[in-house]
Amino acid sequence: RVLCPLVPSAPAALRALPRPVAVGVLHTTRPLHTSQQSLAPVPPLPEKGGEVRHGLIPEEFFQFLYPKTGVTGPYMLGTGLLLYLLSKEIYVINHETAAAACILTVIIYGIKKFGPQVAAFADKLNEEKMAAAVALKNESIQALQNAIEEEKKEQWRAEGRNYLFDAKRNNIAMLLETNYRERLLMVYNEVKKRLDYQVAMQNLKQQKEQEYMIQWVEKNVVQSITPQQQKESIAKCIMDLKALSKSAHAAV
Amino acid sequence: LPAAVLLKDTKLMDVKLGQLGSWLAMRDFTPGGIMGAMRRGYDRYYNKYINVRKGGLGGFSMVLAGYIVLSYMWSYSHVKHDRRRKYH
């Protein structure tokens, strides 16, 4: 457990208390990581088990008796023990002995005949398991190697970030330029529209003034033509027309 | 001066005959101790004869032989009656 320092949000009364001495000290009753030993990699299994002679007696027993009695010692011990058991009838010979003898004969014959085949089969099964495990291990090692390669490539790619940033900066500059020009065009159009309006207004005003003036002049002129003048001008026009028609006749 | 080994830490084969009584008295006879001793014995046998790459028949047949002997001892009082001679 680690004792946290006093939280700033604690009430003032708590904060005014003297601080505990063990603030910041790691409370452990067990030392951590003091020895070099680690659980992996696990040591491999031994190849062969302990030696057993005749399938029943460990080899260590023969080695134990060898200094004192030599090679035949344990066999003499076995024979003596057997005779003692039989003669004192601690081991009783009855129907079960016969049954045991038959069973043991069959078993030993079977082991001697089929032992190696069964052993080879079991070894093959083991080999397959081992091969699968080793293949898995190699695959994961390979996958991690590939991951390392990919990571290195990514690091190399990251070195080109300057080009990327330059391209992005160019893009942004172009956008800004485009935007600026668009707005400039907009401003120009708006101003032109307003100026055109003013020009059109002036033209219109001028045109209207002209028309009005012409109308006024015409109206006054028409008004000034008295009926007398009108008759005189119509008579004169008729006489001119007659003269013209005469000259036209003559020309034809 | 050779390093003195406490009697508690000596193995059974290194204990002298005279020290056998005191050595036995020092052993742990609590239930936990007995279970620990059985577990250690089992682990020793298992790791020596069975938990190997190419195990043989010996590991299993020794256990079978031990069982045969034990069951003969348990049924001796019954087998006694098949003896051929009464006095040996």
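Parameters and conventions
- Residues numbered from 1 in each chain as written.
- Chains lettered and ligands numbered in written order.
- Predicted model: local features only at pLDDT ≥ 70, side-chain atom pairs only at ≥ 80, totals over all residues.
- Heavy atoms only, no water.
- Helix = DSSP H or I, 4+ residues; strand = E, 2+ residues; numbered from the N terminus.
- Buried < 20%, exposed > 50% of the residue type's maximum accessible area, 1.4 Å probe, protein only.
- Contact = heavy atoms within 4.5 Å.
- Areas by Shrake-Rupley, 256 points an atom, 1.4 Å probe, with all protein chains shown as cover.
- UniProt positions renumbered as here; feature names shortened; annotations may be inferred.
- Polar contact = N/O pair within 3.5 Å; in protein donor to acceptor, adjacent residues only side chain to side chain.
- 1 Å grid on protein atoms, 1.4 Å probe; cavity = no way out; pocket = protein on both sides within 12 Å on 5 of 7 lines; lining within 4 Å.
- Points joined across faces, edges and corners; volume = space filled by probe spheres on them.
- Nonpolar A, V, L, I, M, F, W, Y, C, P; charged D, E, K, R; others polar.
- Buried area = accessible area lost by both parts, 1.4 Å probe.
- Salt bridge = Lys/Arg side-chain N within 4 Å of Asp/Glu carboxyl O.
- pLDDT = per-residue confidence, 0-100.

**Q** Even after reading the chapter, I still don't get the overall build of chain A, so can you show me in this structure?
**A** The helix and strand inventory of chain A stands at 6 helices and 2 strands. Beginning at the N terminus, the succession of helices and strands in chain A can be written as α-β-β-α-α-α-α-α. The 252 residues of chain A split such that 4% are buried. When contacts within chain A are restricted to residue pairs at least 6 apart in sequence, long-range pairs at least 24 apart make up 17% of them. In the form shown here, chain A has an accessible surface area of approximately 23,100 Å², with 66% of it arising from carbon and sulfur atoms.

**Q** Quick question: what am I supposed to make of the UniProt feature "coiled-coil region" (unreviewed entry) in chain A here?
**A** Following the UniProt record, one finds the feature "coiled-coil region" (unreviewed entry) at residues 134–161 of chain A. Each end of residues 134–161 of chain A is marked by a C-alpha atom, and these two atoms are 41 Å apart; helix forms 93% of the span and strand 0%.

**Q** I would appreciate a short explanation of the side chain of S61(B) in the present structure.
**A** Tracing the backbone shows S61(B) in helix α3 (residues 58–74). Within the local environment of S61(B), its side chain forms a polar contact with the backbone oxygen of G55(A), the two atoms lying 2.2 Å apart. For S61(B), the contacting residues outside a window of four places in its chain are G55(A) and L56(A).

**Q** How do you make sense of the layout of surface pockets when you look at a structure like this?
**A** Sizing a probe to match a water molecule and rolling it over the atoms shows the empty space that remains. By volume, the second largest pocket is sized at about 420 Å³. P58(A), E60(A), F61(A), F64(A), K11(B), L12(B), M13(B), R44(B), Y45(B), K48(B), Y49(B) and M62(B) are the residues that line the second largest pocket. Sorting the residues of the lining of the second largest pocket by element identifies α2 (59–69) of chain A together with α2 (31–50) of chain B as the ones contributing at least two each. At 4 residues, the largest contribution of residues to the lining of the second largest pocket is made by α2(B). Looking at side-chain class alone, the lining of the second largest pocket contains 8 nonpolar, no polar and 4 charged residues.

**Q** I'm lost on the environment of E60(A) in this one. Help?
**A** Within the secondary structure layout, E60(A) lies in helix α2. Since its relative accessible area comes to 42%, E60(A) is described here as partly exposed. Separated by 10 residues in the primary sequence, E60(A) and G50(A) have C-alpha atoms spaced 8.8 Å apart. Apart from the residues within four sequence positions on either side, E60(A) is in contact with K48(B) and Y49(B).

**Q** Looking at this structure, I do not really get the interface of chain A and chain B. What am I missing?
**A** Where interface size is quoted, it is often the accessible area lost as the parts come together. At the junction of the two partners, chain A supplies 26 residues and chain B supplies 20 residues. Across the interface of chain A and chain B, roughly 2,100 Å² is buried in total on both sides, 53% from carbon and sulfur atoms. When the buried surface of chain A facing chain B is broken down by residue, L45(A), E47(A) and E89(A) rank first, second and third, together holding 24% of it. Note that K54(B) is salt-bridged to D123(A), the shortest N-O span being 3.0 Å. Taken together, the connections running from chain A to chain B amount to 14 residue pairs in polar contact (both at pLDDT 80 or more). Listing elements by their share of the side of chain A that touches chain B, those giving two or more residues are α2 and α4 (95–158) of chain A. Take the side of chain A that touches chain B: its biggest share by element is 4 residues, from α4(A). Split by residue class, the side of chain A that touches chain B holds 12 nonpolar, 7 polar and 7 charged.

**Q** Help me out: how do you make sense of the confidence of the model for chain B in this one?
**A** Low-confidence regions, as indicated by low pLDDT, have predicted coordinates that should not be scrutinised in detail. Residue and element names in this part refer to chain B. Residues at a pLDDT of 70 or more form 95% of chain B, whose mean pLDDT is 86. Ranking the elements of chain B by mean pLDDT puts helix α1 (residues 20–26) last with 85 and α3 first with 93. Complex prediction metrics read pTM 0.57 and ipTM 0.79.

**Q** Is there a simple way to explain the UniProt feature "transmembrane region" (unreviewed entry) in chain B in this structure?
**A** Summarizing the sequence annotation, UniProt attributes the feature "transmembrane region" (unreviewed entry) to residues 57–76 of chain B in the numbering used throughout. Across residues 57–76 of chain B, the secondary structure splits into 90% helix and 0% strand, with the terminal C-alpha atoms separated by 28 Å.

**Q** Please explain unusual backbone geometry as it appears in this structure.
**A** Residues apart from glycine generally show negative phi values, whereas peptide bonds are mostly found in trans. Residue and element names in this part refer to chain A. In this model, H54 sits at a positive phi of 60 degrees, which is unusual for a non-glycine residue. In this fold, H54 is placed in the loop between β1 (52–53) and β2 (57–58). Of note in this structure, E89 is not a glycine but carries a positive phi near 55 degrees. Look at E89 and you get buried, because its relative accessible area is 9%.

**Q** Quick question: what am I supposed to make of the pattern of salt bridges here?
**A** Where side chains of opposite charge bring their charged atoms close, a pairing between them can arise. All names here are of chain A. In this structure the tally under the stated criterion is 14 salt bridges over all chains. Linking E128 and K124 is a salt bridge whose minimum nitrogen-to-oxygen distance equals 3.8 Å. One end of the pair, E128, and the other, K124, are both in helix α4, 4 residues apart, so they sit about a helical turn from each other. Accessibility expressed as a relative area gives 46% for K124, which makes it partly exposed. Here the salt bridges share partners, and the residues they tie into one network are E190, K193 and R194.

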